[in-house]
Amino acid sequence: MDDIRLLPATGLEGLIAQLRSRGYRVMGPTLRDDAIVTGEIRSASDLPQGVGDEQDPARYRLRKRDDGAYFGFAAPAQSSKPVFFPAEEVIWRGRRDTAVTPDSAASASTPDNAGNPTTAPASSPHDPGFTVERDQLDAPPIALLGVRSCDLRAVQIHDKVLAGRTYIDAHYVTRREATFVVAVACSDPAATCFCASMGTGPRPAATDPATGEPSYDLLLTEIAPSDPDRHHFVLEIGTEAGRDVAHAIDTAPAEFDDQHEALAVTAHAASQQTRRITAATVRDDLRASAESSRWEDVASRCLSCTNCTLVCPTCFCTTVEDVSDLTGATAERHRVWDSCFSEDFTYIHGGPTRESVKARYRQWITHKLSSWEDQFGMLGCVGCGRCIAWCPAGIDITEEAAALGRMRAGGVLPTGDHVPTGDHVTVTS
Amino acid sequence: MMAGVGTIADAVARTGRADPMIPRRFAITRVRQDTRDTFTLLLDPVDGGEEMTFRAGQFTMLHAFGVGEVPISIAGDPRHPAPLEHTIRNVGAVTRALVNAAPGTEIGVRGPFGTSWDAADARGHDVVFVTGGIGLAPLRPAILDVLAERDSYGKVLLLYGSRTPDDILYGAQMRRWADLDGVNVQMTVDNAPHGYKGRVGFVTELIGRAGFDPRRAFAFVCGPEGMMRAAASALVSRGVSPARVRLSMERSMKCGIGLCGHCQLRELFVCVDGPVLDYARLEPLMDVREL
Ligand code: SF4
Ligand code: SF4
């Protein structure tokens, strides 16, 4: 049991302090504006202890738990996506060289080696050149604390998308390089969660399925939060760096039963999930559904608000904005999150190639659940359910995928069998 | 205390992968007006470094300082890549800034990106170029590739359509290709003023009667998407294999390197999987509206 230790609930403080003393900026779940979002963790008191959540289509609410659980909630309102891939980033800053006018060029004449004056070519006044510099990221390395399985898998997906192909996102790669990960096994899935069906949770896989690299340095499973005398974490060690940290903090040896107890937490969490996507067939179902009548139906509900893409931990589309000062002497190029739901997204002269909302919704769900597999060898959805909870229309990706699957299978499906809000339909296809 | 994350350049270097988001500075050495709204820019690097070598069909991202960036296919000769040559239609803020820039103005260039026409695959075969308007510019490097080894190819046809006689691009050059290089150039215009002597009609109508052997032909098609679909389907109905019909797709592109997501066409990132793609691959995608 060398790779498993027990950490008392009070030992979180020591873990956080240990990570901070090693120079990490610790980022984890914090409370802000009645939601759980990723923020800096300076001490255990920054964690939303005793807070739970309720998530349903178009609904996200926090509730007070009657125990002292530190991680007794499901997918936070925002994932750890912005930690490595912020919503806005300066790609480079440019400055115009000092203007060269014909006058100043002439007066800058200097003798050449033979003593003859040389004059810069008397060009017409023109824009001078410019120099471009990249911002340097002078930030401490990140330790993710309490990242749950779906969001950890989403980071691994971004590792492939943004850092694992021919061309890479330089800022992402830099931020991600020295990350330390303290993952948490999920105990309290929301009604919107379906990671179990996607194979992405609730217990984090030990290794990244794409690279074989360890998924986490340390993994916490929270045990008995309702019993102050027993409340503790099972601490699993995933890497040598994790072992080093674990040895530096106050832990106790674990028994075989402790591991069992940890596994039971996630087994129970998985059994509570009612939503699901049939991961084995969804790629083909969506590929075959390009001309489905379902798109009209979902387009009549979708507001094209882009919420689903903003909260999704795997969505990576961006655009660029050029910001220059009034004199035009300096300019910055910003990379900002974009959404395939915005009408401008596909704009080329003549108009957008995906003008209708039905084409935009089709693009989004087909990318997540089908073409992502062709592009990256994995699906682009980790089952976190955020797009369901944060959709103002209560559109449910699991329900849309199931409907498309049923229609493909030839079943008669009247459009409009959806339940826009409130109780969800349990799909058992 | 652990040091902060390293510099971006170091982190990128450790991946062994490329991060071509920083433009290289080029100066506009000449601007040539081709038609009412179309201009050709000749560019030389100002850093004194190597010329930008490219393969026919590739594009660059051209950046007008403080205004923005656009993807533009390279129009020059792959064997003589300097000066770097782009033919641009003045249709938006960035292209306006580019075509109105005085000689000497510096712009940013990233690239070259994307796939090639790979015209050499057609050695020993007939070659049919089908294009319209400014679509001739991205095809020009492939035409020059073929003409550089003219004897290695069978018949070479250039079917060119333009909206009006005034919109014909590279007219003098097309005449030289016809007169000196053994290219069967056929031109047509969609609309002509009264008394116009040339052919009037759509370029796709030329395909049915053009003299080439469909069973041993390669076709390279560039133009608006509707025109490319019609041309590809006409070529295929004449018996050209869809795998030998290549199209250059146009999509919104913000990065040119497969990261921004804008150019996706189902599983394709048009910027890295394309822009040149064969019709066997594209046909099912082009058949779905707004895919
Ligand atoms: S598509 Fe929805 S459920 Fe899937 S990862 Fe994105 S937000 Fe989560
Ligand atoms: S599916 Fe929902 S969240 Fe996404 S754009 Fe449409 S209305 Fe907004």
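Residues numbered from 1 in each chain as written. Chains lettered and ligands numbered in written order. Predicted model: local features only at pLDDT ≥ 70, side-chain atom pairs only at ≥ 80, totals over all residues. Heavy atoms only, no water.

**Q** Would you take a moment to explain the sheet that holds strand E4 (residues 68–73) of chain B for this structure?
**A** Backbone hydrogen bonds are what pair the strands of a sheet, in a parallel or an antiparallel way. Residue and element names in this part refer to chain B. An order of E4-E3-E6-E1-E2-E5 is seen for the six strands of this open sheet, with the pairing classed as antiparallel. Pairing within the sheet leaves two strands with one partner each, and these edge strands are E4 and strand E5 (84–89). In this sheet, adjacent strand axes meet at a mean angle of 40 degrees when their direction is disregarded. (Pairing = 2+ DSSP bridges. Helix = DSSP H or I, 4+ residues; strand = E, 2+ residues; numbered from the N terminus. Axes fitted to C-alpha atoms, helices over the stretch in contact; angles between N-to-C directions.)

**Q** Would you mind going over the domain arrangement of chain A with me for this structure?
**A** Buried accessible area, meaning the area lost when the parts come together, often serves as the stated size of an interface. All names here are of chain A. As assigned here, chain A comprises domain 1 (4–85 + 138–272) and domain 2 (279–319 + 337–409). Computed from C-alpha coordinates alone, the two centres of domain 1 and domain 2 are separated by 27 Å. Regarding the contact of domain 1 and domain 2, the summed buried area is about 2500 Å², with carbon and sulfur atoms giving 67% of it. Considering only the side of domain 1, the residues that lose the most area to domain 2 are Lys81, Phe194 and Met198, jointly responsible for 22% of the buried surface there. In this structure, the connection of domain 1 to domain 2 is made through one salt bridge. Listing elements by their share of the side of domain 1 that touches domain 2, those giving two or more residues are strand E4 (51–56), strand E5 (59–64), helix H2 (81–84), helix H4 (149–163) and helix H6 (195–198). In terms of residues, the side of domain 1 that touches domain 2 owes the most to one element, H4, which gives nine residues. (Domains from an automatic or database assignment. Buried area = accessible area lost by both parts, 1.4 Å probe. Salt bridge = Lys/Arg side-chain N within 4 Å of Asp/Glu carboxyl O.)

**Q** Just checking my understanding: could you explain the site of ligand 2 for this structure?
**A** Close to ligand 2 lie A:Cys302, A:Leu303, A:Ser304, A:Cys305, A:Thr306, A:Asn307, A:Cys308, A:Phe341, A:Tyr361, A:Cys391, A:Pro392 and A:Ile395. Its residues assigned to classes, the shell around ligand 2 comprises nine nonpolar, three polar and no charged. (Near = heavy atom within 4 Å. Nonpolar A, V, L, I, M, F, W, Y, C, P; charged D, E, K, R; others polar.)

**Q** How should the site of ligand 1 be read in this particular structure?
**A** Surrounding ligand 1, one finds 13 residues, the nearest of these being A:Cys312, A:Cys381, A:Cys384, A:Gly385 and A:Cys387. Only helix H12 (357–376) and helix H13 (386–389) of chain A provide two or more residues apiece to the shell around ligand 1.

**Q** How should the domain arrangement of chain B be read in this particular structure?
**A** All names here are of chain B. Here chain B is described as being made up of domain 1 (20–113) and domain 2 (119–286). Taking only C-alpha atoms into account, the centre of domain 1 sits 22 Å from that of domain 2. Of the residues lining the interface, 29 residues belong to domain 1; the matching set on domain 2 comes to 23 residues. In terms of surface lost to domain 2, no three residues of domain 1 exceed Thr35, Phe59 and Arg79, which account for 22% of the buried area on that side. Here Asp167 ties to Arg36 by a salt bridge, and the two come within 3.3 Å at their closest N and O atoms. Those elements that provide at least two residues to the side of domain 1 that touches domain 2 are strand E1 (24–35), strand E2 (38–45), strand E3 (59–64), E4, E5 and strand E6 (106–113). With four residues, E5 is the largest single contributor of residues to the side of domain 1 that touches domain 2. When the residues that make up the side of domain 1 that touches domain 2 are grouped by side-chain class, the tally is twelve nonpolar, seven polar and ten charged. (Contact = heavy atoms within 4.5 Å.)

**Q** So what exactly am I meant to see when it comes to the pattern of salt bridges here?
**A** Proximity of charged atoms lets side chains of opposite charge pair with each other. Inspection of every chain in the model, using the stated rule, returns 56 salt bridges over all chains. In this structure, the salt-bridge partner of B:Asp19 is A:Arg134, at a minimum N-O distance of 2.6 Å. Taken together, the positions of B:Asp19 in the loop between helix H1 (8–15) and E1 and A:Arg134 in the loop between strand E9 (130–133) and strand E10 (142–148) put the pair across two chains. The class for A:Arg134 is partly exposed, based on a relative accessible area of 22%. (Buried < 20%, exposed > 50% of the residue type's maximum accessible area, 1.4 Å probe, protein only.)

**Q** Honestly, the interface of chain A and chain B in this entry has me stumped. Any pointers?
**A** Across the contact, 72 residues belong to chain A and 57 residues belong to chain B. Between chain A and chain B the total buried area reaches about 5400 Å² when both faces are included, carbon and sulfur atoms providing 58% of it. Joining chain A to chain B, the criterion identifies five salt bridges. B:Arg25 is the salt-bridge partner of A:Asp97, the closest N and O atoms lying 3.2 Å from each other. Across the chain A-chain B interface, the total number found is 27 residue pairs in polar contact (both at pLDDT 80 or more). For the side of chain A that touches chain B, the secondary-structure elements that each account for two or more residues are strand E6 (88–96), E9, H4, helix H5 (170–176), strand E15 (318–324), strand E16 (330–337), strand E17 (347–348) and H12 of chain A. Of all the elements, H12(A) adds the most residues to the side of chain A that touches chain B, at eight residues. Its residues placed into classes, the side of chain A that touches chain B shows 29 nonpolar, 24 polar and 19 charged. (Polar contact = N/O pair within 3.5 Å; in protein donor to acceptor, adjacent residues only side chain to side chain.)

**Q** Is there a simple way to explain the nonpolar core in this structure?
**A** The tendency in soluble globular proteins is for nonpolar side chains to be buried as a group. In this structure, B:Val130, B:Leu159, B:Val221, B:Leu235, B:Val245 and B:Leu247 are the most contacted members of the largest nonpolar core, which totals 78 residues. At seven residues, the largest contribution of residues to this core is made by H4(A). Sequence-distant contacts of B:Leu247, that is, excluding residues within four places in its chain, are made with B:Trp117, B:Val221, B:Met228, B:Ala232, B:Pro275, B:Val276, B:Leu277, B:Tyr279, B:Leu282 and B:Met286. Counting residues in hydrophobic clusters, the runner-up holds 33 residues, among them A:Tyr70, A:Leu235, A:Ile237 and A:Ala246. (Core = buried A, V, L, I, M, F, W, Y, C linked by side-chain atoms within 4.5 Å.)

**Q** Can you help me understand the packing of aromatic side chains in this one?
**A** Within a pair of aromatic rings, the relevant descriptors are the distance that separates the centres and the angle that separates the planes. A full pass over the atoms with the stated rule returns 18 aromatic pairs over all chains. Between A:Tyr167 and B:Phe113, the aromatic rings sit 6.0 Å apart at their centres with planes inclined by 80 degrees, giving edge-to-face as the arrangement. Remark: B:Phe113 occurs in strand E6 and A:Tyr167 occurs in the loop between H4 and H5; the pair is interchain, linking two chains. A relative accessible area of 2% means that B:Phe113 is categorised as buried. In textbook terms, an aromatic cluster arises when at least three aromatic residues are bridged by ring pairs, as seen for A:Trp295, A:Phe341, A:Tyr361 and A:Trp364. Positioned above the aromatic ring of B:Phe212 is the side chain of B:Arg238, whose terminal nitrogen or guanidinium carbon lies 4.2 Å from the ring centre. (Phe/Tyr/Trp six-rings, centres within 6.5 Å; stacked < 30°, edge-to-face > 60°. Lys NZ or Arg CZ within 6 Å of the ring centre and 35° of its normal.)

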